[in-house]
Amino acid sequence: MIRIEPRENPSRAFAVGIPILSAVISLALAAIPLLAAGANPITAYGEMIRGVFGSVFALSEMLTRATPLIFTGLAAALAFRAKLWNIGAEGQLYLGAMAVVAIGSGYLDAPGFVLLPLIILLGAGAGAAGMMAPTYLKVRFGADEVVTTLLLNFIILIFLQMMLEGPLQDPMGLGWPQSAPVLDQGMLPPLMERMRVHSGLIIALVLAGIAQFMLARSVWGFKLRAVGENAAAARHAGINVNRSLFGVAAISGALAGLAGVSEVAGLKGYLTSDLSPGFGYTGIVVAMLAGLSPVGVVVAALFIASVFVGADSMSRAMGVSSFLADLVVSMSLLCVLVGGFLAKYRILRTKEVAS
Amino acid sequence: MMDLLNILLSESFWAASLRIATPLIFGVLGALICERAGILNLGIEGIFVVGAMCGWMAVWLGAGLWGGVLAAAAAGALFGLLHAVLTVPLGLSQHVSGLGITLFATSVSYFTYRTALPDVSSPPRIEPFRALDIPLLSDLPFLGPVLFQQTALTWLALLMVALVWYVMNRTALGVAIQAVGDNPDSVDAQGLSVYGLRIGAIVAGSALMALGGAFLTMSAFDAFFFGMVNGRGWVCIALVIFASWRPGKALFGALLFGAFDALQVRLQTEMGALVPGQVFLMAPYILSIIALVIAARSADYPRALLTPWFKGQR
Amino acid sequence: MAEGSAFAPTLFPMTNSTVLRLNGLSKRFGPVVANDDVSLTLAKGEVLALLGENGAGKTTLMNMLFGHYLPDAGSVEVADENGVLQSLPLGHPQAALAAGVGMVHQHFALAENINALDNITLGSEPLLALRRNRQAARSKIEGIIERSGLKAPLNTPVGRLSVGERQRVEILKALYRDARILVLDEPTAVLTPQEADTLFENIKAMTREGLSVIFISHKLREVLAFSDRIAVLRHGRKVGEMATADADEKAIARMMVGADTPKVARTEMAPGGPVLNLTEVSVAGRSKRDTLKGVDLTVRAHEILGIAGISGNGQSALANVISGLAAPSAGHVQVDGIEVAKPSPAAMVKAGIGRIPEDRHHEGIVGAMSVAENMVIERLDDPEVQSRGLLRRDAIRDNAERLTQAYDVRGPGVAASSRLLSGGNIQKLILARVFERAPRLILANQPTRGLDMGAAAEVGRRLLEARERGAGVVLISEDLDEILGLADRIMVIRDGNLVEAGSHDREKIGLMMAGEPA
Amino acid sequence: AEKIKVAAIYTLPVEQQWISRIHKALNAAAERGDIDYVFSENVANTDYERVMREYAEQGQKLIVGEVFGLERAARKVAKDYPETAFLMGSSFGPVAPNFSVFDNWIHEPSYLSGMVAGAATESNVIGMVGGYAIPEVNRLMHAFMDGAREVNPDVKFIVNFIDSWYDPPKAKESAFAMMDAGADVMYAERFGVSDAAVERGVKAVGNVIDTSGDYPGTIMASALWHMEATIDKAVANVAGGSFDAADYGQYSFMAYGGGSLVMDESLVSAETAAAVKAREAEILDGLFRVNVNDARPVSDN
Ligand SMILES: Nc1ncnc2c1ncn2[C@@H]1O[C@H](COP(=O)(O)OP(=O)(O)OP(=O)(O)O)[C@@H](O)[C@H]1O
Ligand SMILES: Nc1ncnc2c1ncn2[C@@H]1O[C@H](COP(=O)(O)OP(=O)(O)OP(=O)(O)O)[C@@H](O)[C@H]1O
Ligand SMILES: [Mg+2]
Ligand SMILES: [Mg+2]
């Protein structure tokens, strides 16, 4: 028989060592597909590390990939803290992105200090609206938000396609379903010459810090935690549960919307329907890996981005199928998940007590 | 211009609805079994991919159509087992594990497919399931084309609805699965294994989900493509709540969704000039949300859904 | 008596009729020693009462017997059909069930989405069989109901049954498995006195057919009335056994806590002006328990108003109105003569109402948050707790340090999760939170349910103290003894109606509760 | 000669019709020993720029791909790596010194295949199932429609986009719906359409790739795209050190062998075949120009 017991005082070495160990194990497991594809795993690991840390460019690429994940990870982490299961960050990201190009691609030719804040605000607002709707359906009708937010992702994506073939289409785009470019002064400034990493990263980091602080230290965070951990007790204690839910829904949606803002106004400059390769969904994974802690989200996002960028670059260097990257990411995700468990619990084999 | 009524009365519309619904029926039933036992399985989208890939590949390697069905189910069961181990004895987050399984199953399938077939410019075809064409029945006026010219997998799906209903409502196993999804302690106190029931339900449910994927490559089409599952798994997650975790309603929900989809393509061909095509593509999803809002009040969730349970702990 | 010794002699020497023997069972949970070398025997047809304070280890001991927990040491022997003791494989509920041990858990272990019949037969049939023989099962259960008098609707989903019915379904579950040894863990905690008496009479009748029973209870009245023998646990050790015939309340209490428990004494006191007025208040609920039909109620200062009644007659609705969780569909609520315009929990707290909720785990505390945070959860607007939206963490901690001292809340510290407190200490936390604000009115809903005598006495003392200070108290309880002991005035709630009892006559109130004209 | 190092970056898997043509041409060049060929498929637009830079850093001499989703960024990368030659599918023009563009300009054979379809339909209804309404697709559909209208002014079109590159079951259902609405010839832009045609026994016209082997007796004609001309020209230029920014679009024209029509003459009437061939000759001689129209096609009703 197997028994699972919480560890009494997990040592610090344990808390740090186990995640590292599980990351190492996941790399070891990555040897299986590598060997199957006929590549030398040892060389491959070297390539993988080089792909992330081998150059300023590689590092910048990793940070670029982590940026939207911090936003969507925060979006999921905060909502999940209140047990509001927002699976819709992907759609909210696109709402934010649509707001950016709706206003920023020439509709309003204002100076940067007006346009940029406006873009950020509107993008966040659009994302927030995208989460308020399902929250309303949940509060008012009891409609499960996992499902409504998930379905809204599809609806918003189709809506986006419609907009990109309609009102938002770039008249100069030769008919491609894409928006006109965001005006130069509406773009988030890059952080480094000739690199893609941009100031969206700074916004993401600052927001993670604020979220961490507010969660632990503010009345708002107190209420949020109480609602998430035990809504009935929170209500009994006089906390307005619905207001808390709407509040966190707005913030969560806004963060996801900012992911869209940062991708459009920080990176691509215009909007297409394939802006996000699933950042919204990966954000959920990031949030849970982080144990729903905002600072943890930053670490988890960097981890996921490193594994992806490293594995992707390695697949190219080794000449194996580029589907390897997602495979390695998923394997390390599962390993780290199990590792996190082992850090908190121990599994005991109990002998049958003969009596 | 054919009007709406004409469409709704045409047998080909209903046949199409059932065809489109078939993978969803498998998927909803699978998700239903998992959730009845208290476990959300967001791995469904990836398990669809695995089912589509393995089923097709087995046939392509010469296992025969039913061999392919078995291979798909086995592969689905395997990934279900992984999800089960992570979420049941280890009690890890069902959301993350599920999304992780989807990513894992999808990338394993793609990587395997590409590594096995590095140089195909056009995916290899198999001889898929053909419409059954049951002699007399197929010639029945309306029912003939709608029901009796479907493939064996559609029939299997309908059979599964009946089977799952029977197991859930008429057997001790079904009662135990319902109980473990509501209050694991009730099962534990009666000497049944909570872990066993949950793991079993997830494995069985995942095998069914994989058949939904297999239908795409072995009946609806005859080859495997990247991205061909195209969100069908997620739709099942929505439908299972719409169905209040009941097999009969699951069939109804899947058919409804299939009918919307079939209607959508027909209306789009008729009215494409008037309304952007996307309006029709959105319709099934919007209608699902509306249906959910209407159904939500009466939906009684498996109470233990998402809550891990550990033996000997409180 | 050899307190805690490994070889504590059992009062009754083993006889041929011994059906159960626990030998030196021990169990630790991390640093907590829940059971330490406990031995017990049980004779055929005997009713053994297992007593002890909250956390003494009673449930743990029974859980080891039944196989939920694996002991760290010790063994269990159960008599087979021929009366020969056989050792029981440990850690397997299935083995215990097969050996004829049935257990009714402190917390219901019922699936609410399936009916009573299915709950009862769960696990007794082969899982992979294609058919079930429900007819046979039904007639067997009906036979048991016939013999035991434990009536419960079999076809209704358990979620719709009352607590009393659920309790009976739990027992039917055990009897259906042909239990020869029945373990009942606080079976009457949620029952009315009448229900409890009926239950014990039924069980008593079954012992005459050879059923042996161990039951756990904090209610000495029923222990003295229905048990044959008493065993007492303290801090995980067995500290004594006695025949019930030789026992009295005082002796038992001393054995349980190692000292006499203080008796709560109520002195008469002249009531002051009204602090709470309900006029023609109605609540339209979905079930009987959530419905009020035009009730009038006045509570005055220096007064404890006891609300007696069988559970599910509208107590929840009444409590919800007073605590602001439910808005009346008609009528007026006045606190200190001022109409509460928009009732909400926050408005009620602001109006000076302190609430002790019925379900302390579910409504009273946020288990994952710290003791200190739970201490201030009702006054987050207070400048002592926050300034400009930020928590004043030092003040919050100091407040908690002071209150845990003053109210003797014991546990792993104010920074620890409140979930880690025992039930009694959770209740003390809530008392501290409520009394600290010197409320004008206190709503105490089932405040001592599940508490041991010491903790219950503490709650009573605090309520009387508040009354002396000038607060009004609404005490809703199913424990008639508690109401008789504490209340200045008693009303009976039945079918959503409130009626003045007019006296402290136990008999008369009992009849009113049952709905018979007094 | 020394082998040229060539890398390709595709945003979709190499089975996608469009991409498969580039992939095929590059593979052919690799087999001949002209180039060393590596590729990355299914690269998200977000990652595309990184992959371009990685290949450039690796020292690839020629990078082939499609930059419809990132026109500006791609040109920026090219500027940063002047030593590398870029040949990209693009809607815009080339940028000196090293950024060349191409596109699948097979509107000419599409027009011809439209003639085949227009002559073949008896119900005068032709169904067209597309993936996304992008210029690359719209253009070919319009050419096809023009061709059909030339031989049959009464023909009506039903058009449907499934908003997915890869959902053959969905494309198939869409095709069935069109046949229910009377279509008896299908324009098979997506996988799945021809399958539906086979099941219902109607005829289909293929696009970009030749699938007549898979659906014998169903595919009357296909407008094919051949990237060989484009690729070989670019590789030769790189090898000769003369690669510069140019529009390679013309190498997809019929005159350069970049586009062609195949017909299954057993399925096409002699009369039609003759007319088509006459038109084909005119196009090759530059006597007939097929119109280019990138607007989203809609159903007639
Ligand atoms: N899940 C748990 N994990 C670790 N320790 C626990 C857990 N539950 C309870 N404890 C410990 O057990 C002690 C007593 O808790 P418990 O809830 O069993 O009290 P109790 O004796 O049942 O009291 P009451 O009858 O008042 O509810 C607590 O102080 C706590 O430290
Ligand atoms: N699963 C568990 N994990 C951790 N601690 C536990 C567990 N079960 C019991 N304990 C601890 O063991 C001790 C004995 O608990 P037990 O529930 O047996 O008390 P009890 O006598 O039944 O109390 P009560 O009268 O409150 O029901 C308590 O301190 C409790 O916290
Ligand atoms: Mg107990
Ligand atoms: Mg207790």
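These figures come from a predicted structure and were not determined experimentally. (Residues numbered from 1 in each chain as written. Chains lettered and ligands numbered in written order. Predicted model: local features only at pLDDT ≥ 70, side-chain atom pairs only at ≥ 80, totals over all residues. Heavy atoms only, no water.)

## Focus: the sheet that holds strand 7 (residues 181-185) of chain C
Residues and elements named next belong to chain C.
Right, on to step 1. Within the open sheet, the 6 strands sit side by side as 6-7-8-3-9-10. Their pairing is mixed. For this open sheet the edge positions go to strand 6 (101-104) and strand 10 (237-243), each flanked by a neighbour on one side alone. Shown here is a sheet whose adjacent strand axes are inclined to one another by a mean of 20 degrees, direction ignored.
Right, on to step 2. Across the sheet, helix 8 (residues 249-257) is in contact with strand 3 (47-52), strand 9 (229-234) and strand 10; its angle to strand 9 comes to roughly 30 degrees. (Pairing = 2+ DSSP bridges. Helix = DSSP H or I, 4+ residues; strand = E, 2+ residues; numbered from the N terminus. Axes fitted to C-alpha atoms, helices over the stretch in contact; angles between N-to-C directions. Contact = heavy atoms within 4.5 Å.)

## Here's the deal with the domain arrangement of chain C
Right, on to step 1. As far as domains go, chain C holds domain 1 (18-109 + 179-257), domain 2 (272-352 + 439-512) and domain 3 (367-438).
Right, on to step 2. A separation of 36 Å is found between the C-alpha centroids of domain 1 of chain C and domain 3 of chain C. (Domains from an automatic or database assignment.)

## A word on the packing of helix 3 (residues 44-60) of chain B against helix 11 (residues 194-220) of chain B
Residues and elements named next belong to chain B.
Right, on to step 1. Axis separation between helix 3 and helix 11 bottoms out at 6 Å; the angle between their running directions is 55 degrees. The angle between the axes of helix 3 and helix 11 places the two elements in the oblique class. Viewed along their axes, helix 3 and helix 11 form a crossing whose handedness is right-handed. Where helix 3 approaches helix 11, its residues I44, I47, F48, G51, A52, G55, W56 and V59 are matched on the opposing element by S206, M209, A210, G212, G213, A214, T217 and M218. (Parallel < 35°, antiparallel > 145°, perpendicular 65-115°, else oblique. Left-handed = near helix turned anticlockwise from the far one by under 90°.)

## A short note on the interface of chain B and chain A
Right, on to step 1. If you look at the interface, chain B gives 42 residues, while chain A gives 45 residues.
Right, on to step 2. Summed over both partners, the interface of chain B with chain A buries about 4,100 Å², with 85% contributed by carbon and sulfur atoms.
Right, on to step 3. Per-residue buried area on chain B facing chain A is highest for V96, F111 and Q278 of chain B; these three make up 16% of the total on that side.
Right, on to step 4. At the junction of chain B with chain A, the criterion picks out 0 salt bridges.
Right, on to step 5. At the boundary of chain B and chain A, one finds 2 residue pairs in polar contact (both at pLDDT 80 or more).
Right, on to step 6. Elements with a minimum of two residues in the side of chain B that touches chain A: helix 4 (65-87), helix 5 (94-116), helix 12 (232-242) and helix 14 (277-296) of chain B.
Right, on to step 7. Sort the elements by how many residues they give to the side of chain B that touches chain A and helix 5 of chain B lands first, with 13 residues. (Buried area = accessible area lost by both parts, 1.4 Å probe. Salt bridge = Lys/Arg side-chain N within 4 Å of Asp/Glu carboxyl O. Polar contact = N/O pair within 3.5 Å; in protein donor to acceptor, adjacent residues only side chain to side chain.)

## Some thoughts on helix 14 (residues 423-435) of chain C
Residues and elements named next belong to chain C.
Right, on to step 1. Its 13 residues place the ends of helix 14 18 Å apart at the C-alpha level, agreeing with the 18 Å of an ideal helix rising 1.5 Å per residue.
Right, on to step 2. Counting buried positions along helix 14 gives 12 out of 13 residues, so the element sits mostly inside the fold.
Right, on to step 3. Listing the buried residues of helix 14 in full gives G424, N425, I426, Q427, K428, L429, I430, L431, A432, R433, V434 and F435.
Right, on to step 4. The secondary structure elements touched by the buried residues of helix 14 are strand 16 (353-356), helix 11 (360-364), helix 12 (371-376), helix 13 (393-407), strand 19 (441-445) and helix 15 (453-469). (Expected span 1.5 Å × (residues − 1). Buried < 20%, exposed > 50% of the residue type's maximum accessible area, 1.4 Å probe, protein only.)

## Some words on the nonpolar core
What tends to happen in soluble globular proteins is that the nonpolar side chains get buried as a cluster.
Right, on to step 1. Of all hydrophobic cores here, the largest spans 348 residues; its most connected members are L271 of chain A together with I22, L26, L62 and V64 of chain D.
Right, on to step 2. No other element matches the 15 residues that helix 11 of chain B contributes to this core.
Right, on to step 3. When residues of this core are assigned to domains, at least three map to each of domain 2 (272-352 + 439-512) and domain 3 (367-438) of chain C.
Right, on to step 4. If we ignore the near neighbours within four places in the chain, the residues touching L26 of chain D are V6, A8, Y10, I35, Y37, V64 and I231 of chain D. (Core = buried A, V, L, I, M, F, W, Y, C linked by side-chain atoms within 4.5 Å.)

## Details of the environment of L484 of chain C
All names here are of chain C.
Right, on to step 1. Tracing the sequence through the fold places L484 in helix 16 (residues 480-486).
Right, on to step 2. On the basis of relative accessible area, L484 is assigned to the buried category, the value being 18%.
Right, on to step 3. Separated by 165 residues in the primary sequence, L484 and A319 place their C-alpha atoms 20 Å from one another.
Right, on to step 4. In this view, L484 contacts I490, H504, R506 and I509; residues no more than four positions away in its chain are not counted.

## Section: the site of ligand 2
Right, on to step 1. G55, G57, K58, T59 and T60 of chain C are the nearest of the 17 residues found near ligand 2.
Right, on to step 2. With respect to ligand 2, its neighbouring residues span chains B and C.
Right, on to step 3. Contacts to ligand 2 include K58 of chain C, whose side-chain N or O atom sits 2.6 Å from an oxygen atom.
Right, on to step 4. In this structure, Y69 of chain C approaches ligand 2 through a side-chain N or O atom, which is 3.2 Å from a nitrogen atom.
Right, on to step 5. Elements with a contribution of two residues or more to the shell around ligand 2: strand 2 (32-43) and helix 1 (58-66) of chain C.
Right, on to step 6. Considered class by class, the residues forming the shell around ligand 2 number 5 nonpolar, 8 polar and 4 charged. (Near = heavy atom within 4 Å. Nonpolar A, V, L, I, M, F, W, Y, C, P; charged D, E, K, R; others polar.)

## Re empty space enclosed by the protein
Residue and element names in this part refer to chain D.
Right, on to step 1. Overall, the coordinates contain 7 cavities of 30 Å³ or more when judged by the stated rule.
Right, on to step 2. What the largest cavity holds in volume is close to 90 Å³.
Right, on to step 3. As for the largest cavity, its lining consists of Q17, A188, E189, R190, F191, S194, G206, N207, I209, T211 and Y215.
Right, on to step 4. A per-class count over the lining of the largest cavity returns 4 nonpolar, 5 polar and 2 charged. (1 Å grid on protein atoms, 1.4 Å probe; cavity = no way out; pocket = protein on both sides within 12 Å on 5 of 7 lines; lining within 4 Å. Points joined across faces, edges and corners; volume = space filled by probe spheres on them.)

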